[in-house]
Amino acid sequence: MDGQNTWRVAGVELASRFLLGSAGYPSPRVLMDSIHAARPAVVTVGLKRAFAGGADNGFVDAIHQAALAVGARLLPNTAGCRTAREAVQLAHMARELYGTDWIKLEVVGDDYTLQPDPSELLDAARTLVADGFVVWPYCTDDLVGCRRLLDAGCPVLMPWGAPIGSGQGLLNPWALRTLRERLPDATLIVDAGIGAPSHAALALEMGYDAVLLNSAVAHAGDPVAMAEAFRLAILAGRVAWKAGAMARQDFAVPSTPTGDYALGPRIS
């Protein structure tokens, strides 16, 4: 495993900092090829979509097999839920069907922005943690709300970069940097709104542990090539963060010495 990319959630070692969604691809074949190109640590699957298509339609099993082939774990999510009660019920169905305690918790509070409902999200998180789930909450970049989710027992936080599917990138870098600085020991994953590999690289350069995205790959002209581009950008961002970027300056600093120094040391 690449030491730059290895990390842990709830004692489980993950070998990539790329988490990939599975919705909206042009075809099942393109989705499978994108998973192979991305080599993600986690592949998410929308439970409502899977159940709507029938639990025996083979879709989830195909995703699971593609994920296993690259060493990724399946992460069911509660996308589309509007209340804590609905999300908790769906999470329990997922655990019974897929045999995993991991759940990506989504509770939407606004139909226009798809912004998470902080109150319902926290209620659902508390209930699911008490029921033995490893809860991955999709949340906003509000520091106080994030602290409450950590206090509730969530091992990771997944603050949004921008509204889901918007491709706008990191709309509030200040808030995301504040979260990283104020929660230095928390596992933080930027989720939603990422549209280009440069957005993902920036999140990793800021010290975030991983990124989760879907639409940026699924809706690309060539999803498979874009999946590879994101994989490389995420790796580059992590290596850059570990290397340490130079300090920013408000004035020019010559990179090449001038005057006598340009000619080398003076020989007497």
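The structure under discussion appears in the preceding block.
Residues numbered from 1 in each chain as written. Predicted model: local features only at pLDDT ≥ 70, side-chain atom pairs only at ≥ 80, totals over all residues. Heavy atoms only, no water.

## Focus: the layout of surface pockets
Of the pockets and cavities examined, the largest pocket occupies roughly 580 Å³. Ala23, Ala79, Glu106, Ile164 and Asn214 are, among the 33 residues lining the largest pocket, the residues nearest its centre. Taken together, the elements giving at least two residues each to the lining of the largest pocket come down to strand 4 (42–46), helix 2 (47–52), strand 10 (210–213) and helix 9 (215–218). Classifying every residue of the lining of the largest pocket gives 12 nonpolar, 15 polar and 6 charged. (1 Å grid on protein atoms, 1.4 Å probe; cavity = no way out; pocket = protein on both sides within 12 Å on 5 of 7 lines; lining within 4 Å. Points joined across faces, edges and corners; volume = space filled by probe spheres on them. Helix = DSSP H or I, 4+ residues; strand = E, 2+ residues; numbered from the N terminus. Nonpolar A, V, L, I, M, F, W, Y, C, P; charged D, E, K, R; others polar.)

## Considering the state of the cysteines
Per the counting criterion, the structure on display carries 0 disulfides. Not engaged in a disulfide, the cysteine Cys139 finds its nearest cysteine sulfur in Cys146; these two sulfurs lie 3.9 Å apart. In this structure Cys139 comes out as buried when scored by relative accessible area, which is 3%. Considering cysteine sulfurs only, Cys139 is the nearest to Cys154, which forms no disulfide, with 8.5 Å between them. (Disulfide = S-S within 2.5 Å. Buried < 20%, exposed > 50% of the residue type's maximum accessible area, 1.4 Å probe, protein only.)

## What about the packing of helix 1 (residues 28–38) against helix 3 (residues 59–69)?
The contact between helix 1 and helix 3 brings their axes to 9 Å, and the two run at 20°. The angle between helix 1 and helix 3 falls in the class roughly parallel. You can see that helix 1 and helix 3 cross each other, and the crossing is right-handed. Contacts from Leu31, Met32, Ile35 and His36 in helix 1 reach Phe59, Ala62, Ile63, Ala66, Ala67 and Ala69 in helix 3. Its residues assigned to classes, the contact of helix 1 with helix 3 comprises 9 nonpolar, 1 polar and no charged. (Axes fitted to C-alpha atoms, helices over the stretch in contact; angles between N-to-C directions. Parallel < 35°, antiparallel > 145°, perpendicular 65-115°, else oblique. Left-handed = near helix turned anticlockwise from the far one by under 90°. Contact = heavy atoms within 4.5 Å.)

## Describing the packing of aromatic side chains
Under the definition given, this model contains 2 aromatic pairs. Considering the side-chain rings of Phe18 and Phe230, the 6.2 Å spacing of their centres and the 40° angle between planes classify their relative orientation as tilted. Pair noted here: Phe18 is in strand 3 (residues 18–20) and Phe230 is in helix 10 (residues 223–243), with a separation of 212 residues, a long-range link. With a relative accessible area of 1%, Phe18 lands in the buried category. Owing to a relative accessible area of 0%, Phe230 belongs among the buried residues under this scheme. Above the face of the Tyr208 ring, Arg180 is positioned so that its terminal group lies 6.0 Å from the ring centre. (Phe/Tyr/Trp six-rings, centres within 6.5 Å; stacked < 30°, edge-to-face > 60°. Lys NZ or Arg CZ within 6 Å of the ring centre and 35° of its normal.)

## A word on the side chain of Thr100
In this structure, Thr100 sits in the loop between helix 4 (84–98) and strand 6 (102–105). Judged by relative accessible area, which is 10%, Thr100 ranks as buried. If near-sequence neighbours (up to four positions away) are discounted, Thr100 is found in contact with Arg73, Pro76 and Arg95.

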